[in-house]
Amino acid sequence: MLTDPVLRRFEKDFGEELCTFLSFKNVRLFTYPQDPKIADFTVTDNFFLLTLFPKEKFLNTKAC
């Protein structure tokens, strides 16, 4: 799950890798239209990882 700006950046910088990633049978990509409260999550058959943003923002995703 990605926000629209992150997806656009991914397409621009890693378009070929994105196509390869999306060609895998068990891969699904979703866009989230709002500001996410979840930084990252991973789900496997044996493991679940959830990373949350802190209440105060510190991550700057804008290019330098």
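Look up: the structure comes first, before these words.
The rules behind each value
- Residues numbered from 1 in each chain as written.
- Predicted model: local features only at pLDDT ≥ 70, side-chain atom pairs only at ≥ 80, totals over all residues.
- Heavy atoms only, no water.
- Helix = DSSP H or I, 4+ residues; strand = E, 2+ residues; numbered from the N terminus.
- Buried < 20%, exposed > 50% of the residue type's maximum accessible area, 1.4 Å probe, protein only.
- Areas by Shrake-Rupley, 256 points an atom, 1.4 Å probe, with all protein chains shown as cover.
- Expected span 1.5 Å × (residues − 1).
- Bend = angle between axes of the 7 residues up to and from the residue.
- Pairing = 2+ DSSP bridges.
- Contact = heavy atoms within 4.5 Å.

### Side note on the overall build of the chain
If you tally the helices and strands in the chain, you get 1 helix and 4 strands. Across the chain, helices and strands are ordered from the amino to the carboxyl terminus as β-α-β-β-β. Counting the 64 residues in the chain, one finds 5% classified as buried. Summing over all exposed atoms, the chain offers an accessible surface of approximately 6,300 Å²; the carbon and sulfur share of this is 58%.

### A word on helix H1 (residues 4-23)
The first and last C-alpha atoms of H1 sit only 20 Å apart over 20 residues, clearly below the 28 Å expected at 1.5 Å per residue. Taken as a whole, H1 carries its principal kink of about 110° at phenylalanine 14.

### Some words on the pairing of strand S4 (residues 48-52)
Looking along a regular strand, one sees side chains alternate from face to face of the sheet. Pairing of strand S3 (residues 38-43) with S4 involves 5 bridges; the strand directions are antiparallel. Each residue of the ladder has a partner; that of isoleucine 38, found in S4, is leucine 52. Between S3 and S4, which pair antiparallel and follow one another directly, the connecting turn spans 4 residues.

### Brief notes about the environment of leucine 18
Its place among the elements puts leucine 18 in helix H1. A relative accessible area of 7% places leucine 18 in the buried class. A C-alpha to C-alpha distance of 9.5 Å links leucine 18 and leucine 7, two positions 11 residues apart in sequence. Setting aside chain neighbours within four positions, we find leucine 18 in contact with Leu7, Phe10, Glu11 and Leu29.

Interpretation note: all reported values are geometric properties and have no functional meaning in isolation.
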